[in-house]
Amino acid sequence: MSRRVLILAERSENGITDASYELLEAASRLAGGPDGVSAVLPVGDASEAEGLREVLSAGELLLVEGPALAAPTADGFAAAVLHAREASGAECVLLPHDPVGWDVAPLVAARLSTAAATAVSALSWREDGLVARRSAFLGKFVQEVAAPGLPAVVTVERGAFPAREPGPALSVRILPSPVGPDDLRSRLVEIRDSAAGGVDLTAADVVVAAGRGLGGPENLDIVRELAAALGGVVGASRAVTDAGWLPHELQIGSSGATVSPKLYVACAISGAIQHLVGMRGSRFVVAINKDPDAPIFGAADVGIVGDALEVIPLVTEAVRSSR
Amino acid sequence: MNAVALVKQVPDRNSAFRPAGDWIDESSLGYGINDYDRYAVEAALALKEAGHAAETVAVTAGPADAGQVLRSCLAMGVDRGVHLITDRAHLADPFFVARALADAVSGLDAGVVTAGLLAEDSGHGQVGGLVAGLLRYSFASAATGLHFRDGRLEVHRELEGGRIAVVELRLPAVVAVQTGINTPRYASLRGIMASRRKPVERVELAAPADGGELRRLTLGRPERGASAEILPGSPQEAAAALVPRMRTGAGISFPGDAP
Ligand SMILES: Cc1cc2nc3c(=O)[nH]c(=O)nc-3n(C[C@H](O)[C@H](O)[C@H](O)COP(=O)(O)OP(=O)(O)OC[C@H]3O[C@@H](n4cnc5c(N)ncnc54)[C@H](O)[C@@H]3O)c2cc1C
Ligand SMILES: Nc1ncnc2c1ncn2[C@@H]1O[C@H](COP(=O)(O)O)[C@@H](O)[C@H]1O
């Protein structure tokens, strides 16, 4: 079955984002080849897209153009996607599963009177429509869902598909924006860098990371002692820093620090994807978790299934007495 | 105008989940409020305390026992609750849920509607946005800050790579909040006592029409490429076996090691 698929392409300082190339690949597979892929790029002025048609390897590039689209907004981009969806006749719309997609996908879906399939890692057509593989329970399980009908709206997880090689778009169409600046309910004021942290986790050879399963800040000393015995520093999952058990600078993951130490010890951390992306570059990973199904074991070299409050002091002791 | 929080009842995070058919076995699970939604409730309470909302209302769609999460919101200080009663199985389709929530919200004189960024069980990350889309309210996801500045709602959104987008929204607006946006309060004993006298409106939802919904097909454990070697034996034995593996695997020596 071959059907037209639309992706929302995103721009960055260096052209088109990696996430967009992954969407192009996912769309190309779903459409039975790149010719069946349309890519929408919202722009304030079409001249901004100069050069991009040479690299946006889609069947057609749709530039939705107007002052309302000069900066990204949830409702502006949703209007652009819906407009391009109609113009292309696409039966499936792919968006990134990231802060852009979280803003735009549900608004697009609502206007199409449907729900989106989100956090998707694989897609296929079956007799009765589109089937998507997605993550549920914070990555603990994978789920297959049937999209409710066409057009379908999908957000695609980063890294689920290889990035497509840049190449020219076969054709370009410029569509006037269906919305003007006064129609928008949201406005981008600015984009800022968040305050940089003081502790340099990234330089450490050993990181011992504390997770919510430790139960409370009163139990963090055992983690500090293990870190000291290993000559390392303490890091944390977001659940731990959000709860105020440790400062935000120690957070590891997609919205925190990215570390690649020689040794990473995950203590009572479940291993949600947003945590894993921050520590995947570690040379050797140890996980201590009482749940044998915790996703962290899929990212670890060695694991101990057990109560961290009991196991961690034993590991500290074993390290000390091994000298 | 009121501040409305959307709250979902989800299985306790620390339960032993087992896949069963197209979902998990729910026969012996405890339930509580979705973690993200505690932050949504706190944000709504803070808006009222800062004088930007007359009343706070918590809304949930779920089975009869989901009334429990509304009670915990009332105990935190929310003024009243709306319980849209439906089978747990009907929560499978985010569009059905969002339409029911949107209908309820449309009658609540909402200025700001807060939702969680995602539900810990289904993890769609879209119900707040669907409600906004259906009602044509403004929308911002992944909020890590929420303030009124010169009478306008300013939202900080967490982007990737440690950047923050500052956006301004017209009211009414739906904001899907990230954890850490605030520090959710705990219910005080007084709050718990007072919550018993607070009103909860109950509405029975009609079952969703057949077809057209997002359908669950299967649920299973992810297949893992290379999985961890799980160290067997007692905790003492496992700890002892771990140390040499850490040394060789990481290729480092530990403080105090002989050079
Ligand atoms: C946009 C976005 C960005 C995010 N950014 C990040 C980020 O940068 N970093 C990050 O870490 N997360 C991030 N998250 C959150 C992430 O999805 C998870 O919620 C978080 O990582 C969970 O932290 P945790 O593993 O400590 O807690 P939980 O998920 O609660 O896991 C606790 C674990 O401890 C185990 N456990 C419980 N008790 C014990 C015990 N006694 N002994 C041993 N094990 C025990 C449990 O089995 C469980 O596996 C982000 C989420 C979103 C949506
Ligand atoms: N059944 C429900 N009742 C009330 N609010 C809900 C319900 N389902 C989802 N929500 C809200 O929508 C957010 C995102 O949920 P989801 O899109 O399912 O990940 C949750 O954090 C809640 O704020």
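Residues numbered from 1 in each chain as written. Chains lettered and ligands numbered in written order. Predicted model: local features only at pLDDT ≥ 70, side-chain atom pairs only at ≥ 80, totals over all residues. Heavy atoms only, no water.

## Overview of the overall build of chain B
Going by this rule: The helix count covers DSSP runs of H or I at least four residues long, the strand count covers runs of E at least two residues long, and both are numbered beginning at the N terminus. Three labels apply to residues, based on accessible area from a 1.4 Å probe with only protein chains included: buried if under 20% of the type maximum, exposed if over 50%, partly exposed otherwise in between. For every accessible area listed, the method is Shrake-Rupley and the probe measures 1.4 Å; residues are considered covered only by the protein chains on display.
Summing up its helical and strand segments, chain B has six helices and 15 strands in all. With respect to the principal axes defined by its C-alpha atoms, chain B has extents near 70 × 45 × 40 Å. Across the 259 residues that make up chain B, the buried fraction comes to 56%. Surface exposure of chain B reaches about 11000 Å², of which carbon and sulfur atoms provide 51%.

## A short note on the overall build of chain A
Using the following cut-off: When checking whether two residues touch, look at their non-hydrogen atoms; a contact exists if any pair is within 4.5 Å.
Each helix and strand in chain A was counted, giving seven helices and 17 strands. With the C-alpha coordinates aligned to their principal axes, the bounding extent of chain A is approximately 70 × 45 × 35 Å. For chain A, the proportion of its 323 residues judged to be buried stands at 59%. In chain A, the proportion of contacts linking residues at least 24 apart, taken out of those at least 6 apart, comes to 64%. Of the roughly 12000 Å² that chain A leaves accessible, carbon and sulfur atoms contribute 48%.

## Things to note about the pattern of salt bridges
Opposite charge on two side chains makes pairing possible when the charged atoms of those side chains draw close. Our working definition: A carboxyl oxygen of Asp or Glu within 4 Å of a side-chain nitrogen of Lys or Arg is what we treat as a salt bridge.
On inspection of all chains with the given rule, the structure shows 33 salt bridges over all chains. When the shortest N-O distance is used, the salt bridge between B:Glu223 and A:Arg133 registers 3.3 Å. Note that B:Glu223 is positioned in the loop between β14 (215-220) and β15 (229-230) and A:Arg133 in strand β8 (residues 129-136), a pairing that runs across two chains. By relative accessible area, which is 65% here, B:Glu223 ends up exposed. A single network of salt bridges, built from pairs that share partners, joins A:Arg212, B:Arg13, B:Asp35, B:Arg38 and B:Glu120.

## A look at unusual backbone geometry
That bond from A:Leu150 to A:Pro151 is cis: its omega, -5°, falls within 30 degrees of zero. Relative to the assigned elements, A:Pro151 resides in the loop between β9 (141-146) and β10 (152-156). Omega for the peptide link from B:Leu171 to B:Pro172 comes to -5°, which places this bond in the cis form. With respect to the element layout, B:Pro172 can be found in the loop between β11 (163-169) and β12 (173-177). The residue B:Arg136 is not glycine, and still its phi comes out positive at about 60°. Following the sequence through the fold, B:Arg136 ends up in the loop between α4 (127-135) and β9 (138-149).

## Considering the interface of chain A and chain B
Quick reminder of the rule: In short, buried area is how much 1.4 Å probe accessible area vanishes from two parts on joining, totalled over both. Residues adjacent in sequence count toward polar contacts only when both atoms are side-chain atoms; beyond that, a polar contact is any pair of N or O atoms within 3.5 Å, and within protein one must be able to donate a hydrogen and the other to accept it. Basically, the charged four are Asp, Glu, Lys and Arg, the nonpolar ten are Ala, Val, Leu, Ile, Met, Phe, Trp, Tyr, Cys and Pro, and anything else, Gly included, counts as polar. When DSSP locates at least two bridges between a pair of strands, those strands are taken to pair.
Tallying the contact residues gives 84 residues for chain A and 88 residues for chain B. The largest contributions to the chain A side of the interface with chain B come from A:Phe137, A:Phe141 and A:Arg185, which together make up 11% of the buried area. Where chain A packs against chain B, one counts six salt bridges. The tally of links between chain A and chain B comes to 37 residue pairs in polar contact (both at pLDDT 80 or more). Examining the composition of the side of chain A that touches chain B, we find that nine residues originate from one element, helix α3 (residues 99-111) of chain A, more than from any other. A breakdown of the residues in the side of chain A that touches chain B according to their chemical character gives 46 nonpolar, 13 polar and 25 charged. As paired strands, β9(A) and β14(B) are joined by five bridges and run antiparallel to one another. Across the sheet, the residue bridging to A:Val145 is B:Arg216, located in β14(B).

## Some thoughts on the site of ligand 2
All names here are of chain B. Put simply, the rule reads: Residue proximity to a molecule or strand is established when one non-hydrogen atom of the residue lies within 4 Å of it. A cavity, in this analysis, means grid points on a 1 Å lattice covering only the protein atoms where a 1.4 Å probe fits yet has no way out; a pocket is instead an open set bounded by protein on both sides within 12 Å along at least five of seven lines, and a residue lines either one if it has an atom within 4 Å of a point. Assignment to a cavity or pocket requires that more than half of a molecule's atoms be within 2 Å of the site's grid points.
Around ligand 2 lies a shell of 22 residues, among which Leu6, Asp37, Ala61, Ala119 and Gly125 are the nearest. Between ligand 2 and valine 7 there is a distance of 3.4 Å, counted from a nitrogen atom to a backbone nitrogen or oxygen. Backbone polar atom of glycine 116 to an oxygen atom of ligand 2: 2.9 Å apart, as the coordinates give it. Protein coverage of the free-state accessible area of ligand 2, which is 480 Å², stands at 99%. If you map ligand 2 onto the pockets, it falls in the largest cavity. At the level of secondary structure, the elements contributing two or more residues to the shell around ligand 2 comprise β6 (56-62), α3 (94-106), β8 (110-116) and α4. The dominant element in the shell around ligand 2, judged by the number of residues it contributes, is β6, at three residues. Here the shell around ligand 2 is built from residues that sort into eleven nonpolar, nine polar and two charged.

## Some remarks on α3(A)
Residues and elements named next belong to chain A. In plain terms, the rule: Residue count minus one, scaled by 1.5 Å, sets the expected span of a helix.
Over its 13 residues, α3 extends 19 Å from the first C-alpha to the last, a length consistent with the 18 Å expected when each residue adds 1.5 Å. The buried fraction of α3 amounts to eleven of the 13 residues, a majority that puts the element mostly inside the structure. Listing the buried residues of α3 in full gives Pro99, Gly101, Trp102, Asp103, Val104, Ala105, Pro106, Leu107, Val108, Ala109 and Ala110. Between a side-chain oxygen at the N-terminus of α3 and the backbone nitrogen of valine 100 the separation is 2.9 Å; the capping residue is aspartate 98. Two residues or fewer past α3, serine 113 is found with a positive phi of approximately 55°.

## A closer look at the packing of α3(A) against α4(B)
Put simply, the rule is: Between N-to-C directions, angles span 0 to 180 degrees; the directions come from axes that are lines fitted to C-alpha atoms, helices contributing only their stretch in contact. Orientation is classified from the angle alone, with under 35 degrees giving roughly parallel, over 145 giving roughly antiparallel, 65 to 115 giving roughly perpendicular, and any other angle giving oblique. Crossings are assigned a handedness: left-handed for a near helix turned anticlockwise from the far helix by less than a right angle, right-handed for a clockwise turn.
In the contact formed by α3(A) and α4(B), the axes pass within 8 Å of each other and the chain directions differ by 45°. One way to sum up the angle between α3(A) and α4(B) is to call them oblique. Taken as a pair, α3(A) and α4(B) cross one another with a handedness that is right-handed. Listed contacts from α4(B) to A:Pro106, A:Leu107, A:Ala109 and A:Ala110 of α3(A) are B:Gly129, B:Leu130, B:Ala132, B:Gly133 and B:Leu134.

## Quick word on the nonpolar core
So the rule is basically this: Take the buried residues of types Ala, Val, Leu, Ile, Met, Phe, Trp, Tyr and Cys, join any two whose side-chain atoms come within 4.5 Å, and each joined set is a nonpolar core.
Residues A:Leu230, A:Leu263, A:Val265 and B:Met246 are the most contacted members of the largest nonpolar core, which totals 60 residues. Those elements that place two or more of their residues in this core are β13 (206-210), α4 (221-230), β14 (233-236), β15 (263-267), β16 (284-289), β17 (302-305) and α7 (308-320) of chain A together with α6 (235-250) of chain B. Ignoring sequence-local partners within four residues, the contact set of A:Leu230 consists of A:Val206, A:Val208, A:Leu263, A:Val265, A:Val319, B:Met246, B:Phe254 and B:Pro255. Within the second largest apolar cluster, 55 residues are counted, among which are B:Val57, B:Ala102, B:Ala104 and B:Ala115.

## Re the environment of A:Ala287
Residues and elements named next belong to chain A. Relative to the assigned elements, alanine 287 resides in strand β16. Residues alanine 287 and valine 265, 22 residues apart in the sequence, show an inter-C-alpha distance of 5.8 Å. Sequence-distant contacts of alanine 287, that is, excluding residues within four places in its chain, are made with Ala266, Ile296, Phe297, Ala300, Val302, Gly303 and Ile304.

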